[in-house]
Amino acid sequence: QQQVKQSPQSLIVQKGGISIINCAYENTAFDYFPWYQQFPGKGPALLIAIRPDVSEKKEGRFTISFNKSAKQFSLHIMDSQPGDSATYFCAGGTSYGKLTFGQGTILTVHP
Amino acid sequence: DAGVIQSPRHEVTEMGQEVTLRCKPISGHNSLFWYRQTMMRGLELLIYFNNNVPIDDSGMPEDRFSAKMPNASFSTLKIQPSEPRDSAVYFCASRPGTSGIQSSYNEQFFGPGTRLTVL
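Conventions we followed
- Residues numbered from 1 in each chain as written.
- Chains lettered and ligands numbered in written order.
- Predicted model: local features only at pLDDT ≥ 70, side-chain atom pairs only at ≥ 80, totals over all residues.
- Heavy atoms only, no water.
- Helix = DSSP H or I, 4+ residues; strand = E, 2+ residues; numbered from the N terminus.
- Rg over C-alpha atoms; globule rule 2.2 N^0.38 Å.
- Buried < 20%, exposed > 50% of the residue type's maximum accessible area, 1.4 Å probe, protein only.
- Contact = heavy atoms within 4.5 Å.
- Areas by Shrake-Rupley, 256 points an atom, 1.4 Å probe, with all protein chains shown as cover.
- Lys, Arg positive; Asp, Glu negative; His and termini not counted.
- Charge placed at Lys NZ, Arg CZ, Asp CG, Glu CD.
- Core = buried A, V, L, I, M, F, W, Y, C linked by side-chain atoms within 4.5 Å.
- Pairing = 2+ DSSP bridges.
- Axes fitted to C-alpha atoms, helices over the stretch in contact; angles between N-to-C directions.
- Disulfide = S-S within 2.5 Å.
- Buried area = accessible area lost by both parts, 1.4 Å probe.
- Salt bridge = Lys/Arg side-chain N within 4 Å of Asp/Glu carboxyl O.
- Polar contact = N/O pair within 3.5 Å; in protein donor to acceptor, adjacent residues only side chain to side chain.

Could you clarify how one ought to interpret the overall build of chain A in this entry?
Looking only at helices and strands, chain A has zero helices and eleven strands in total. Reading the secondary structure of chain A in the N-to-C direction produces β-β-β-β-β-β-β-β-β-β-β. A compact globule built from 111 residues would reach a C-alpha radius of gyration of about 13 Å, and chain A, at 13 Å, matches this within 12%. Dimensions of chain A, computed from the C-alpha atoms along their principal axes, are close to 40 × 30 × 20 Å. Put simply, chain A has 111 residues, and 45% of those count as buried. Expressed as a percentage of contacts within chain A between residues at least 6 apart in sequence, the contacts between residues at least 24 apart total 52%. A total of about 5,200 Å² of accessible surface is found on chain A, and carbon and sulfur atoms cover 50% of it. In chain A, 10 positive and 7 negative side-chain charges are present, and the distance between their average locations comes to 3 Å.

Below you can see the structure in the form of structure tokens.
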């Protein structure tokens with residue numbers, strides 16, 4: 001059973017545009033929602049994370065919006081840059097740090 | 001800090017052979033995770049350890065897969081016998097912190113991965 005559903009699978013954005021990736025989860029035991037960024041040939045790296053007692057978190061051009069009642073959260077990348085082109089994974093986390101990842105979104109930012 | 005170290009980076013083997021993947025977590029981290037990444041199934045958690053003890057191996061696909069963590073600085077993932085459908089990138093990740101609710105906020109640090117091809 002897939003517990004974290006991520007969309008879209010791929011996304012193409014022009015430089016300077018806004019990239020939006022959405023995730024929905026089923027497991028109400030999740031208490032931590034990170035986003036990871038992965039470049040080709042590299043391992044995923046933490047980009048930004050949020051706890052369920054907060055509705056929004058912003059770090060630079062990256063913002064997580066969290067809707068606990070809808071069990072949904074999203075990543076917004078403002079002023080998208082070609083260097084942001086990567087695969088993005090959302091995840092739900094529980095105790096011991098176990099993460100369940102979404103399927104990933106391949107983001108391409110055209111110059 | 002060298003980060004999480006995995007070896008080999010690439011492995012090509014023939015069906016039926018034994019494959020051993022190695023991981024050295026970041027010093028001081030007490031949780032270690034093994035993941036498998038494929039196009040079809042994305043990032044799947046295979047098994048994770050806390051303080052060298054396996055906590056959850058429900059993601060291990062079958063008995064051909066086994067993992068060990070003999071000490072805090074080393075872990076192995078073994079596939080015996082290997083099959084073509086095992087071809088994937090295998091990641092090891094480590095995390096600081098201790099057990100309990102607060103530890104779930106700690107970042108997982110991924111290694112560079114091992115690309116396994118089984119012919």
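Sorry, what's going on with the nonpolar core here?
Generally speaking, a soluble globular protein has its nonpolar side chains buried in company with each other. Membership of the largest hydrophobic core comes to 23 residues, with the highest contact counts inside it found for A:Trp35, A:Phe73, A:Leu75 and A:Tyr88. Among the secondary structure elements, those contributing two or more residues to this core are β2 (10–14), β3 (19–25), β4 (33–38), β5 (45–50), β7 (62–67), β8 (72–77), β9 (86–93) and β11 (105–110) of chain A. Judged by nonpolar contacts, the second largest core, of 21 residues, contains B:Phe49, B:Phe65, B:Met69 and B:Leu116.

Explain the sheet that holds strand β1 (residues 4–7) of chain A here, please?
Residues and elements named next belong to chain A. On the basis of which strands lie adjacent, the open sheet formed by five strands has the order β1-β3-β8-β7-β6 and antiparallel pairing. Here the strands that pair on one side only, and so sit at the sheet edges, are β1 and β6 (56–59). Here the average twist between neighbouring strands, direction ignored, is 15°. Bridge count between β7 and β8: six bridges; the pairing is antiparallel. Each residue of the ladder has a partner; that of Thr63, found in β8, is His76.

What is the right way to read the state of the cysteines from this model?
Residue and element names in this part refer to chain A. The tally for this structure, following the rule as stated, stands at two disulfides over all chains. The residue that forms a disulfide with Cys23 is Cys90, at a sulfur-sulfur distance of 1.8 Å. Around the S-S axis, the bridge from Cys23 to Cys90 shows a dihedral of about -95° and counts as left-handed. Separated by 67 residues along the polypeptide, Cys23 in strand β3 and Cys90 in strand β9 bring together distant segments of the chain. Assessed through its relative accessible area of 0%, Cys90 is described here as buried.

Sorry if this is basic, but what is going on with the interface of chain A and chain B here?
In many analyses, interface size is given as the accessible surface area lost on bringing the parts together. Between chain A and chain B, the contact holds 19 residues from the first and 28 residues from the second. Carbon and sulfur atoms make up 57% of the surface buried where chain A meets chain B, a total of about 1,900 Å² over both sides. In this assembly, chain A and chain B are joined by one salt bridge. Here chain A and chain B share four residue pairs in polar contact (both at pLDDT 80 or more) between them.

Looking at this structure, I do not really get the pairing of β8(A). What am I missing?
On a regular strand, each side chain points to the face opposite its neighbour's, so the side chains alternate between the two faces of the sheet. Residues and elements named next belong to chain A. Inspection of the sheet shows β3 paired to β8 by six bridges, in the antiparallel sense. In the sheet register, Ile21 faces β8, and the bridge partner there is Leu75. Here β7 folds back onto β8 in antiparallel fashion, the turn holding four residues, of which Lys71 has a positive phi close to 55°.

Explanation requested: the environment of B:Asp57 in the structure shown.
Residues and elements named next belong to chain B. Within the secondary structure layout, Asp57 lies in the loop between β6 (53–56) and β7 (65–71). In the structure, Asp57 is positioned 28 residues away from His29 in sequence and 19 Å away in space, judged by C-alpha atoms. The contact partners of Asp57, leaving out residues within four places of it in the chain, are Leu46 and Ile47.

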